[in-house]
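# Structural characterization, general
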Amino acid sequence: MSSETSHHKPRVAVVFGGRSSEHAISVLTAGAVLRAIDREKYDVLPIGITTDGRWALTADDPERMAIADRQLPTVAALAESTEGAVVLPVDPTNREVVYSEPGSVPKALGEVDVVFPVLHGPYGEDGTLQGLLELSGVPYVGSGVLASAVGQDKDYMKRVFTSFGLPVGPYEVIRPREWETDPAAARRKIVDFAAEHGWPLFVKPARAGSSMGITKVNDLGGLDEAIEEARRHDPKILVESLLRGREIECGVLEFEDGPRASVPAEIPPVTAHDFYDFEAKYIDSAAGIVPAPLTAEQTGKVQELAVAAFDAASCEGLVRADFFLQDNGEFVINEINTLPGFTPISMYPRMWQESGVSYPELIDRLLQAALHRSTGLR
């Protein structure tokens, strides 16, 4: 706790932006979170990470963290300086955040009680930031190092789910060395997969989100281009068969008595897009249906699977679990997201709103849970 006073308001560092291809989505999420945090209850310190990795002091201005004229926001545009850097000491006995600029005396910004990371993708959602915060002894919202890493890597995520007996769809993985040393053999591996499971296929980065780098491939002709597009985001790629059915999502939130599932939502087919891609999600604002029109039995089943996935990956705090309800009536887990988006149109807060947890209450619950959870082994 801060040395100033025993009754001080907890200081929340909202860390956003980052080096991944989901930089702009993180800025959108930060804007929504900053609007929702109760300023009577918490002090707030916004810290943006630029695309080249600089930790910048940014304006506390949610209005500038929105899509304007179809243009996505960036940390660079919000930073108070083009060179100044925020430093979080890697020392569990000192939570003093320092700001320095070339040629100036470093300035203490005060201690931080809890970090709310709203980073998406590598270098933030994947356990790397969580590891830094563990070393620093600073509590933070969301899952720890292992669960964050598993939740980011769709290859190992599916392996974990399979080991716990949870249903996943057919997939194949092409590792970096396979493609770099023998692309013909890697291509044959995918063609054999298509022969067994049929076209079309989805080729995607193994460790990206927000539908970045995903291509729906209808035949062999589009395969190489799809692989290169995925590899622009991640040298390890995932190939999945088309699962015919409905896209269902479910939120999981940790309460005092353990994780609970929200009412599920459905992502309807997007007529203007080939699938629920980045443009459909964030630019054209495809609307999900909350709650999903499911039977009571189907709702109970998907909620049970969502909590089981949360537990299987050792998650904490929050998760959005994505499913396909296949034409045969069976659910298949597509993926979990350990730091789901909190943009105004994001499904996770909408599902909890429908479940009786308002947006500000959701933020407060996540912060209070983090403040009461120790760092280190737990």
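Residues numbered from 1 in each chain as written. Predicted model: local features only at pLDDT ≥ 70, side-chain atom pairs only at ≥ 80, totals over all residues. Heavy atoms only, no water.

## Description of empty space enclosed by the protein
Taken as a whole and assessed by the stated rule, the structure comprises 3 cavities of 30 Å³ or more. Here the largest cavity defines a volume of roughly 80 Å³. Contributing elements (two or more residues each) for the lining of the largest cavity: helix H4 (145–152), helix H5 (154–163) and strand S16 (331–337). Ranked by residues supplied to the lining of the largest cavity, first place goes to S16 with 3 residues. Of the residues assigned to the lining of the largest cavity, the class counts are 3 nonpolar, 5 polar and 4 charged. (1 Å grid on protein atoms, 1.4 Å probe; cavity = no way out; pocket = protein on both sides within 12 Å on 5 of 7 lines; lining within 4 Å. Points joined across faces, edges and corners; volume = space filled by probe spheres on them. Helix = DSSP H or I, 4+ residues; strand = E, 2+ residues; numbered from the N terminus. Nonpolar A, V, L, I, M, F, W, Y, C, P; charged D, E, K, R; others polar.)

## Concerning H5
Those residues of H5 that fall on the buried side of the exposure criterion are Lys 154, Asp 155, Met 157, Lys 158, Val 160 and Phe 161. In this structure, the buried residues of H5 make contact with H4, strand S8 (171–174), strand S9 (201–205), strand S11 (237–241), helix H10 (296–312) and S16. The N-capping residue of H5, defined by a side-chain oxygen 3.0 Å from the backbone nitrogen of Asp 155, is Asp 153. Just downstream of H5, Gly 165 is the residue with a positive phi angle, here 80°. (Buried < 20%, exposed > 50% of the residue type's maximum accessible area, 1.4 Å probe, protein only. Contact = heavy atoms within 4.5 Å. Polar contact = N/O pair within 3.5 Å; in protein donor to acceptor, adjacent residues only side chain to side chain.)

## Some points on the nonpolar core
Buried together is how nonpolar side chains tend to be arranged in soluble globular proteins. By size, the foremost hydrophobic cluster in this structure holds 35 residues, and its most contacted members are Val 14, Phe 16, Phe 116 and Phe 342. For this core, the secondary-structure elements that each account for two or more residues are strand S1 (11–17), helix H1 (23–36), helix H2 (75–78), strand S7 (114–117), strand S12 (245–255), helix H11 (347–354) and helix H12 (359–371). Those residues within four positions of Phe 342 in sequence are excluded, and the remaining contacts are Thr 29, Ala 32, Val 33, Leu 318, Tyr 348, Pro 349, Tyr 359, Leu 362, Ile 363 and Leu 366. Core analysis: the second largest hydrophobic core is formed by 26 residues, Ala 292, Ala 312, Ala 313 and Leu 325 among them. (Core = buried A, V, L, I, M, F, W, Y, C linked by side-chain atoms within 4.5 Å.)

## Things to note about the environment of Pro 349
For Pro 349, the position within the fold is in helix H11. Remark: the alpha-carbon pair of Pro 349 and Tyr 359, spanning 10 residues in sequence, is separated by 6.1 Å.

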